[in-house]
Protein chains: 2
Amino acid sequence: MKESIKEKLSALRQEMQKQNIDAWYISGTDPHSSEYLPKRWETREFISGFTGSYGMVAVTSDKAALWTDTRYFLQAEEELKGTGIEMMKFRVPDAIPPEAWLAQNLPSGSKVGLDAQTVTIVQFRAFRKALKKKNITLVETPDLLGVVWEDRPLIPKDEAFELEVKYAGKTRTEKQQQLAEELKNRGTGLHVVSMLDELAWLYNLRGTDVPYNPVFTGFCVIGKSESTLFIDLDKMSADLKDKLNSEGVRVKEYTAFYGYLGKIKGQTIFVDPETLNYSAYSALAANNEIIEGTSVIALLKAQKNAVELKGFRNAMKKDGVALVEFLYWLKENIGKQNITDYSFGVKLAEFRAKQPGFKGESFNPIVGYKDRGAIVHLHVGANDGKPLAADGAILFDSGGQYIDGTTDITRTVRLGDVSEQFIRDYTIVLQGMIGLSRACFPYGTKGCHIDVLARQAMWNNGMNYGHGTGHGVGHFLNVHEGPFAIRQEYNENLMLPGNVTSNEPAFYREGLYGIRTENMMVCVEKEKTEYGRFLCFETLTLCPIDTTLIDKSLFTETEINWLNDYHKRVNTSLKPLLKEKYHEFLDELTKEI
Amino acid sequence: MKESIKEKLSALRQEMQKQNIDAWYISGTDPHSSEYLPKRWETREFISGFTGSYGMVAVTSDKAALWTDTRYFLQAEEELKGTGIEMMKFRVPDAIPPEAWLAQNLPSGSKVGLDAQTVTIVQFRAFRKALKKKNITLVETPDLLGVVWEDRPLIPKDEAFELEVKYAGKTRTEKQQQLAEELKNRGTGLHVVSMLDELAWLYNLRGTDVPYNPVFTGFCVIGKSESTLFIDLDKMSADLKDKLNSEGVRVKEYTAFYGYLGKIKGQTIFVDPETLNYSAYSALAANNEIIEGTSVIALLKAQKNAVELKGFRNAMKKDGVALVEFLYWLKENIGKQNITDYSFGVKLAEFRAKQPGFKGESFNPIVGYKDRGAIVHLHVGANDGKPLAADGAILFDSGGQYIDGTTDITRTVRLGDVSEQFIRDYTIVLQGMIGLSRACFPYGTKGCHIDVLARQAMWNNGMNYGHGTGHGVGHFLNVHEGPFAIRQEYNENLMLPGNVTSNEPAFYREGLYGIRTENMMVCVEKEKTEYGRFLCFETLTLCPIDTTLIDKSLFTETEINWLNDYHKRVNTSLKPLLKEKYHEFLDELTKEI
């Protein structure tokens, strides 16, 4: 394996020479800024062997480096050993980003190449600017991996299918009209879109091109009087194509996209520089006026409509039932059956799969037993499962795709004895989760303004976690979506009514354990006073939180009340859906503290 | 008066014609982005007759308009009557800013002129960009008021004086070395500075050119091997000039500044685009490489050294003594003597003036009795004082300049009966003040991350306030300084150890009352754990908070403890400095709740 990495790097370096460039940059993503990639775009793994879900690679004639974030530091160190690729820490204080590293390692006058399809407009500009300071040029080149990667997989031919309006809540025509109105407000008439979940939402279509995200590969150009969808035509049934045509959607071949853009002239076009790839921008910029802003579709999509929210609430009940059944199974079998952290995740998926409308997991579950809980985004393979015992605690982060909603939940549950320190840490993490759940804030508030509510108890105790607190969740769509985010980093997008977000403070003691408690919430209207319009959160997730791990003496009365009220609601919501054999168990899990 | 305004406008229009420009813009500030202006730069008042402290003016060949904010709408309407100048509302929703008004009122191809000394680099660029959309050019012209304004006052000749190192903590040579180090980290060797408080700090000099801010008018060019101070030479004694020279500071005539910049060539120069004026930038940009960023001096100045902090702590004791003496006087005389909100402020300044090292007030005090407390930036004149009675409550925001530190404090105190609603509101505001006082946060935190801690109790109750929560305070310098700020608006500058900030949540019920409780705090190191370096705040202000206005039942135990601990510290710190007649009164004001 390590040898094959070296060979690939060597082949890449030969191509770099042919193109007359001194370095090559691999963003690790696809032309759609996707989180989960079809095999074709797993370029980072291909070139480095690193299997984490986040990272960039830069290669010069004699050096190579891979950047990833705290989640993957241990894993990357391990996987990169012997490849000659250096691991660089990213998203930490004083991080040296790829562009700075390239500027340090290349002489003035050098050229850095990249496939401009795989970086956004913003990324390309920032990169170019950073390199320019040292008189290094960033050049758009063909995708060198096209040559180096011999049996490179194609985009899957999986069929795209329709999501009925009874689940979506709005027709694609209604969505197009709403979009056209918003575009008009921004002084433009046309929107060019490359994000796959935006296409899926806009057209009420779904697909299975990548794991976990029910999306299909495509692009679109849309406005008041135009709607052109670019998709591999093999992926669409004749009936669906006819239906789309009859509703005014022109369906064109995926590969025709850039050529089509090149023919647009004299228009005012709206693009999201954070998501549209630079090749698309290049094709448009010379002959059109470009207006940049947060994707209008992302904004519309993030404010779930009443039908979508009803679906979410229903999906949460199904998810809660699956989780309680699973926890019961776990209790009955822990210490008796052979269970590993890997089989734990598989079993949990089996319980979810029994629920109506289940379409698959919403991401690869993260199951961390004892010390492995401290590895933030650990993914255990079938062959390296760690056996579970009736001892310590286990953290599991998992979710389901249901036809009516997507779920994402983390619980940390007791399997046996835990330390006093664990109890204290668990309680403090839960205080953060409750703190954010209880937030009230005026219209205009952004995620970075309220993130502290999830961290305050931790900060008071010299504790912290190195990731965000809340991400948007799609409606039977991507488990991670924007445009808002609850985290320290500034993000100009507001928290708005209908936004569905995770709430997942956590704490990791390396070598000992990890703790995370995650609910999903929806932002709702609270009240309107003469001092403003106030919003708050309604918790969507319906699953017990392990009360046996709490040091109640650390809780305020408000926190105790919140938890008891939550458990009362979980009990009332799930009991009618659970077989009687689970009732006593549910009562025990949700009893007052 | 109104006629003279018309004559001035007419004279200005003649100059505009001579310069071949179609409109003239007056920013209303000076070449140093100052908050308080010397008479010479009161250009807005000269041309319009409007006497408010905030506003801009634009004049075309046939129209003229003045922009100001909510504070001054009534006053401006009144003062502008008959002048032909239209009042435009600014800082309100849907406001038409000057650049938009100019674009509306001028044909394509027009030229707008301004004295580029009076706008910052950022302001000039934004203005130019907005006008460019309508093909209108922004041109730098000479200051036309130089011709129109016949008896224009000069910059005051007040002497600049030295702040001894025993107060400043560092010599100017040490500061220059520290600055050179920071400049080197930014890839530059020279810093051009126009902010008056930055000059004052850098050279350990103070002045009296404007009210409240102990600064002198000047510019400087400084780096590792150069330190050139531009100042009216009449403002500096021969001894001081000799001393500066002997320490390597070249002193040049104030008016030589722009000419000097024009001769700098081939350098890499650091400027702060938010504060440096555009004329200075213009003089440099063509022949040098410009690196832009937050002023290095502002950053260094904001992290107070140990001597400065010792001074602050001492100044707080003096301020606390003056305030307790004043509160005693108030208690003895309210309802007996004739006291107005105006004379209240005068009397308070008299108590401060008795303290050693007092150098004046740090700003024009804001004293709001009953309903006037809800007018956020009220300044009562001698002739419109409102009589105080032994009823309701009074809000007062005031501060002193002492040789060893600057103070800024707001208290809301009971004069007699208040409503239940007042008690509740007061308690909630205080919860916010305590919430921020108790904040712990990791290194890397910005003001917008922790602002919510001062607002959370309010937001939970549908309440809010429309201004920031915390601003930096200078050391025997400006009571408002940057670069950090605790407010909702994003500001990239971190909260850093040594930063001195106000903490002033507030609440205003229009027509009823205003409530604000403000302490000053210093950011300090708290602990270093494996999860980061944690900071917190130490409260500097030493003055009782009116406990008779608190509804204790709303407080958590933590809040009660914080307040009791604070009052214990106030008592212990001030009692030894107060005459015995005040001791019982102090005990009463600081007793446990």
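These remarks concern the structure in this document. Per chain, residues are indexed from 1 in the order of the written sequence. Each chain takes a letter, starting from A, and each ligand takes a number, starting from 1, following the order in which they are written. With the structure being a predicted model, the display of local features is reserved for residues of pLDDT at least 70 and the display and counting of side-chain atom pairs for 80 or more, all residues being used for whole-chain, interface and lining totals. Processing note: side-chain calculations cover all non-hydrogen atoms of the structure and skip hydrogens and water entirely.

1. Concerning the overall build of chain A
Quick reminder of the rule: Numbered from the N terminus, helices here are DSSP runs of H or I no shorter than four residues, and strands are runs of E no shorter than two. Based on C-alpha atoms, the radius of gyration is set beside the globule rule, defined as 2.2 Å times the residue count to the power 0.38. Classification of residues uses two cut-offs on accessible area relative to the type maximum, computed with a 1.4 Å probe and protein chains only: under 20% is buried, over 50% is exposed, and between them is partly exposed. Contacts: residue pairs with any heavy atoms within 4.5 Å of one another. All accessible-area figures derive from a Shrake-Rupley calculation using a 1.4 Å probe, and residue coverage is judged against the displayed protein chains alone. Neither His nor the chain ends is counted toward charge; the positive residues are Lys and Arg and the negative residues Asp and Glu. The location of each charge is read from NZ of Lys, CZ of Arg, CG of Asp or CD of Glu.
Summing up its helical and strand segments, chain A has 20 helices and 28 strands in all. Taking 25 Å as the expected radius of gyration for a compact globule of 593 residues, we find that chain A reaches 24 Å, a close match to that expectation. For chain A, the proportion of its 593 residues judged to be buried stands at 60%. Counted over contacts in chain A with a minimum sequence separation of 6, partners at least 24 positions apart contribute 68%. Of the roughly 23,200 Å² of accessible surface on chain A, a fraction of 48% belongs to carbon and sulfur atoms. Across chain A, the centroid of the 71 positively charged side chains sits 2 Å from that of the 79 negatively charged ones.

2. Quick notes on the interface of chain A and chain B
Defined as follows: Take the accessible area each of two parts loses on contact, using a 1.4 Å probe, and add the two losses: that sum is the buried area. In the sections that follow, a salt bridge refers to a side-chain nitrogen of Lys or Arg positioned within 4 Å of a carboxyl oxygen of Asp or Glu.
Each partner contributes to the interface: chain A provides 27 residues, whereas chain B provides 27 residues. Approximately 2,400 Å² of surface area, both sides summed, lies buried where chain A meets chain B, with 53% of it carried by carbon and sulfur atoms. Among the residues chain A hides against chain B, the three largest losses belong to A:His449, A:Trp459 and A:Tyr531. Together they make up 28% of the total. Counting across the chain A and chain B interface gives zero salt bridges.

3. Brief notes about unusual backbone geometry
Residue and element names in this part refer to chain A. The step from Gly482 to Pro483 runs through a cis peptide bond, and the omega angle for that step is 0 degrees. Along the chain, Pro483 turns up in strand β23 (residues 481-486). Positioned with a positive phi, Arg91 is a non-glycine residue whose angle comes to about 60 degrees. Turning to its location among the elements, Arg91 is positioned in the loop between β4 (86-89) and α4 (98-105).

4. What about the pattern of salt bridges?
Residue and element names in this part refer to chain A. Tallied over the entire structure, the rule returns 69 salt bridges over all chains. As a salt-bridge pair, Glu247 and Arg172 come within 2.9 Å of each other at their nearest N and O atoms. In this pair, Glu247 is assigned in the loop between α10 (238-246) and β12 (250-252) and Arg172 in helix α8 (residues 172-185), connecting sequence segments 75 residues apart. Residue class for Glu247 comes out partly exposed when judged on its relative accessible area of 29%. Residue classification places Arg172 among the buried positions, given a relative accessible area of 5%. Each of Glu162, Arg172, Lys243 and Glu247 takes part in salt bridges that share partners, so that together they form one network.

5. Some remarks on the sheet that holds strand β1 (residues 23-26) of chain A
Sheet strands associate in pairs through backbone hydrogen bonding, adopting either a parallel or an antiparallel arrangement. Residues and elements named next belong to chain A. What counts, and what does not: In this description, strands pair whenever DSSP reports at least two bridges between them. Working convention: axes come from line fits to C-alpha atoms, limited for helices to the stretch in contact. Angles between N-to-C directions cover 0 to 180 degrees.
The mixed open sheet is built from six strands, whose spatial order is β4-β3-β2-β1-β5-β6. This sheet does not close on itself; its edge strands, each paired only once, are β4 and β6 (137-140). When the angles between neighbouring strand axes are averaged without regard to direction, this sheet yields 25 degrees. Bridge count between strand β5 (residues 111-114) and β6: four bridges; the pairing is parallel. Across the sheet, Val112 pairs through a bridge with Leu138, a residue of β6.

6. Some points on the environment of B:Pro387
Residues and elements named next belong to chain B. Counting through the fold element by element, Pro387 comes out in the loop between β16 (366-369) and β17 (393-398). On the accessibility criterion, Pro387 (58% relative accessible area) is exposed. On a C-alpha basis, the gap between Pro387 and Leu330 in space is 13 Å, while along the polypeptide they are 57 residues apart. Among all residues touching Pro387, those that are not within four sequence positions of it are Ile339, Thr340 and Tyr369.

7. Points about the relation of the copies chain A and chain B
Counted only if it meets this: Only residues with pLDDT of at least 70 in both copies count here: their C-alpha atoms drive the least-squares fit that superposes the copies.
Between chain A and chain B, which share one sequence, the superposing operator has a rotation angle of 177 degrees and an axial displacement of 1.2 Å; the RMSD is 1.5 Å. Interpreted geometrically, this transformation is the action of a two-fold axis. If distances are taken from each C-alpha of chain A to the rotation axis, the shortest is found for A:His449, at 2.4 Å. Comparing interface residues between copies, 100% of those in chain A also sit at the interface in chain B, which points to an isologous, same-surface contact.

8. Concerning the packing of helix α8 (residues 172-185) of chain B against helix α9 (residues 196-203) of chain B
Residues and elements named next belong to chain B. Applied cut-off: Side-chain classes follow a simple rule in which Ala, Val, Leu, Ile, Met, Phe, Trp, Tyr, Cys and Pro form the nonpolar group, Asp, Glu, Lys and Arg form the charged group, and the remainder, Gly included, forms the polar group.
At a closest axis distance of 7 Å, the pairing of α8 and α9 adopts a crossing angle of 115 degrees. Contacts between α8 and α9 involve Arg172, Lys175 and Leu179 on the former and, on the latter, Trp201, Leu202 and Tyr203. Looking at the contact of α8 with α9 residue by residue, the class counts come to four nonpolar, no polar and two charged.

9. A few points about the sheet that holds strand β8 (residues 190-193) of chain B
All names here are of chain B. Judged by pairing direction, the sheet is mixed, and its six strands sit side by side in the order β12-β11-β10-β8-β13-β14 without closing on themselves. With partners counted over all chains shown, the strands left at the sheet margins are β12 (250-252) and β14 (289-292), one partner each. When strand polarity is set aside, the average angle formed by the axes of neighbouring strands in this sheet is 20 degrees. Pairing analysis gives four bridges linking β8 to strand β10 (residues 219-223), with the strands arranged antiparallel. Pairing of His191 across the sheet is with Ile222, part of β10. On top of the sheet, α9 reaches β8, β10 and β11 (227-230); it is set at about 50 degrees to β10, its chief contact. Lying on the sheet, helix α12 (residues 278-285) is in contact with β8, β13 (268-271) and β14; it crosses β14 at an angle near 140 degrees.

By themselves, these observations are geometric and do not establish any function.
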